[in-house]
Amino acid sequence: MTKDSSTMYNIAKDRYGSLGVDVEKSLNLLKGISLSLHCWQGDDVGGFEHDGATLNGGGIQVTGNYPGKARTIDELRMDLGKVYSLIPGRHRLNLHASYADFSASKFVDRDSIEPRHFQSWLDWSLNQELSLDFNSTFFSHPKAHGMTLASKDKGIRDFWIEHAKRCRTIGSYFGEKQNSPCIHNIWIADGMKDIPADRRGYREILVRSLDEILRENISRAYLKDAVESKVFGIGSESYVVGSHEFYLGYAATRKTLLCLDMGHFHPTESVADKISSTLLFIDEILLHVSRGVRWDSDHVVIFNDDLLNLALEIVRSGALPKIHIGLDFFDGSMNRVGAWAIGSRATLKALLFALLEPQEKLIQYEDAGNYFGRLALMEELKSLPFGAVWDYYCESSGVVTDAELIDTVLEYEKNVTAKRG
């Protein structure tokens, strides 16, 4: 650590201390927060079920064709290793079922996958001292061009029910071996482009499908199931079966986690505002941190007002152990390792900013009806030397600062990804 950065940190520490903030305590809390990085940023949501697999429908679209994307599992793991080296703290990996490794076995369809098809991922993650989370994959498949779990076709429906059951088994296996619960998330694109005539019917089917999937009682020490809503998607502009209201009710009555994705609501809705209400009725929340531009476009997460407000509410809720933070964005138009790093670091910065907030003083102003004082202090915080604390955290964690990030990523591109053709 340089003398200048240490000096700047001490100045920042004193400044925050004058407001009653213990900076070292805040940094220790940040060290205990693990982000679940999404594997699909590195290969444009292609997966490895087949050679040259690409994203194919299901309400998701990746734009851009920047050279150097991961083409194999080994290349994806190499890129992930680089990303983790650019992020302070100890984090997790969020894996989709379409990333199975069939290199040592014969290919099987998604209704037949087993833990052995993900053993190499588990071995790698344990070697990297990472924990795995998991997602059933209900897109990029011939049987995902219409409804899946809400399908009126029993054959289609049963295929996807069996897939999700097997994903729960795989996730439970991860949780047992890594000694940390695996978060298993269920998101489906089921919906309609134009006005449906049977909204209720599809939702009744979805309830029955989900109940069948969750019928086996698996210890929460190994697996925690989450359900994820959406307001609309590509090809489902008029109707999504798994709406927010649907899954809010389902999670509350079935005791699952509720996944709130920042891109899955109307642009004027605040996911931050949903946290305190949700936690009154649901034990735990899974967040998918994303950035929508005009729609659910999964842009790279940046340190903007939406992210900052989310982080502030996470901390203000006083329920950090009940909130699981995953990332969910993908951009094929830029260096993918750099995109991963930007989004991950922005999320951690926002959480640090929130942890440095003098909550006690703000609440004192609020309880006294001194709303001027509350707002004035919130404004003052925006110009405090927060960046000096972030730089100190990066350097003390052996990670590059923001000023060093660009050159570090471009050097990796020059030596590794640019040679992929």
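Residues numbered from 1 in each chain as written. Predicted model: local features only at pLDDT ≥ 70, side-chain atom pairs only at ≥ 80, totals over all residues. Heavy atoms only, no water.

Caption draft 1: Looking closely at unusual backbone geometry. Despite not being glycine, Asp 44 has its phi angle at roughly 60 degrees, a positive value. In this fold, Asp 44 is placed in the loop between strand S1 (35-38) and helix H3 (73-85). Positive phi, normally seen in glycine, also occurs at Val 45, with a value near 60 degrees. Within the fold, Val 45 resides in the loop between S1 and H3. (Helix = DSSP H or I, 4+ residues; strand = E, 2+ residues; numbered from the N terminus.)

Caption draft 2: Empty space enclosed by the protein, seen in detail. This model, assessed by the stated rule, comprises seven cavities of 30 Å³ or more. A volume near 260 Å³ is recorded for the largest cavity. Considering the residues around the largest cavity, the lining is formed by 23 residues, among which Ile 60, Trp 187, Asp 298, Asp 328 and Phe 330 are closest to the centre. For the lining of the largest cavity, the class distribution of residues is eight nonpolar, ten polar and five charged. The volume enclosed by the second largest cavity comes to roughly 70 Å³. What lines the second largest cavity is a set of 13 residues, and nearest its centre among them are Gly 68, Asn 335, Arg 336, Val 337 and Thr 417. Split by residue class, the lining of the second largest cavity holds four nonpolar, four polar and five charged. (1 Å grid on protein atoms, 1.4 Å probe; cavity = no way out; pocket = protein on both sides within 12 Å on 5 of 7 lines; lining within 4 Å. Points joined across faces, edges and corners; volume = space filled by probe spheres on them. Nonpolar A, V, L, I, M, F, W, Y, C, P; charged D, E, K, R; others polar.)

Caption draft 3: Spatial organisation of the pattern of salt bridges. Inspection of the entire model under this criterion finds 28 salt bridges. Of the charged contacts in the structure, one is a salt bridge between Glu 237 and Lys 193, with a shortest N-O distance of 3.8 Å. Taken together, the residues Glu 237 in the loop between strand S6 (223-228) and strand S7 (239-240) and Lys 193 in the loop between strand S5 (191-192) and helix H6 (199-213) connect sequence positions 44 residues apart. Given the relative accessible area of 58%, Lys 193 is considered exposed. Overlapping salt bridges, with partners in common, bring together Arg 71, Glu 75, Asp 79 and Arg 420 in one network. (Salt bridge = Lys/Arg side-chain N within 4 Å of Asp/Glu carboxyl O. Buried < 20%, exposed > 50% of the residue type's maximum accessible area, 1.4 Å probe, protein only.)

Caption draft 4: Focus on the packing of helix H1 (residues 3-17) against helix H13 (residues 386-396). Across the interface, H1 lies against H13 with an axial gap of 8 Å and an inter-helix angle of 125 degrees. When the axes of H1 and H13 are compared, the pair comes out oblique. Between H1 and H13 lies a crossing of left-handed hand. Along its contact with H1, which presents Ser 5, Met 8, Tyr 9, Ala 12 and Tyr 16, the element H13 presents Phe 386, Ala 388, Val 389, Tyr 392 and Glu 395. Classifying every residue of the contact of H1 with H13 by side-chain character gives eight nonpolar, one polar and one charged. (Axes fitted to C-alpha atoms, helices over the stretch in contact; angles between N-to-C directions. Parallel < 35°, antiparallel > 145°, perpendicular 65-115°, else oblique. Left-handed = near helix turned anticlockwise from the far one by under 90°. Contact = heavy atoms within 4.5 Å.)

Caption draft 5: Summary view of the pairing of strand S10 (residues 323-327). Of all five residues in S10, four are buried, a share of seventy percent or more. When S1 meets S10, the two strands line up parallel, connected through two bridges. In the sheet register, Leu 35 faces S10, and the bridge partner there is Ile 325. In the classification by handedness, the crossover that spans strand S9 (residues 285-289), the intervening helix H9 (residues 305-316) and the parallel S10 is right-handed. (Pairing = 2+ DSSP bridges. Right-handed = clockwise from strand over helix to strand, strands pointing away.)

Caption draft 6: A look at the nonpolar core. Trp 121 and Leu 149 are the most contacted members of the largest nonpolar core, which has 125 residues in total. For this core, the element with the highest residue contribution is helix H10 (residues 336-355), accounting for twelve residues. Apart from residues lying up to four places away in sequence, Trp 121 is in contact with Ile 73, Leu 76, Arg 77, Leu 80, Leu 93, Leu 95, Tyr 99 and Leu 132. Counting residues in hydrophobic clusters, the runner-up holds five residues, among them Ile 183, Ala 226, Leu 257 and Leu 286. (Core = buried A, V, L, I, M, F, W, Y, C linked by side-chain atoms within 4.5 Å.)

Caption draft 7: Highlighting the sheet that holds S6. The strand order around the closed barrel built from eight strands is S1-S2-S3-S4-S6-S8-S9-S10, with neighbouring strands paired in parallel fashion. Across the sheet, the mean angle from the axis of one strand to that of its neighbour is 30 degrees, orientation sign disregarded. Taken together, the four bridges between strand S8 (residues 257-261) and S9 define a ladder with parallel strand orientation. For Leu 260, the partnering residue across the bridge sits in S9 and is Leu 287.

Caption draft 8: Fine view of the packing of aromatic side chains. Counted by the stated rule, this structure contains 17 aromatic pairs. Consider the rings of Tyr 9 and Tyr 392, whose centres lie 3.6 Å apart with planes at 5 degrees: the pair is stacked. Residue Tyr 9 is found in helix H1, and its partner Tyr 392 is found in helix H13; the two are separated by 383 residues along the sequence. Measuring from centroid to centroid gives 5.4 Å for Phe 138 and Trp 160, while their planes differ by 45 degrees, and the two rings are tilted. One end of the pair, Phe 138, is in the loop between strand S3 (131-135) and helix H5 (154-178); the other, Trp 160, is in helix H5, and 22 residues separate them in sequence. Through successive ring pairs, a cluster of aromatic residues spans Phe 118, Phe 134 and Phe 174. Its guanidinium or amino end placed over the ring of Trp 121, Arg 77 lies 4.3 Å from that ring's centre, counting from NZ or CZ. Cation over ring: Lys 152 sits above Tyr 202, and NZ or CZ is 4.6 Å from the ring centre. (Phe/Tyr/Trp six-rings, centres within 6.5 Å; stacked < 30°, edge-to-face > 60°. Lys NZ or Arg CZ within 6 Å of the ring centre and 35° of its normal.)

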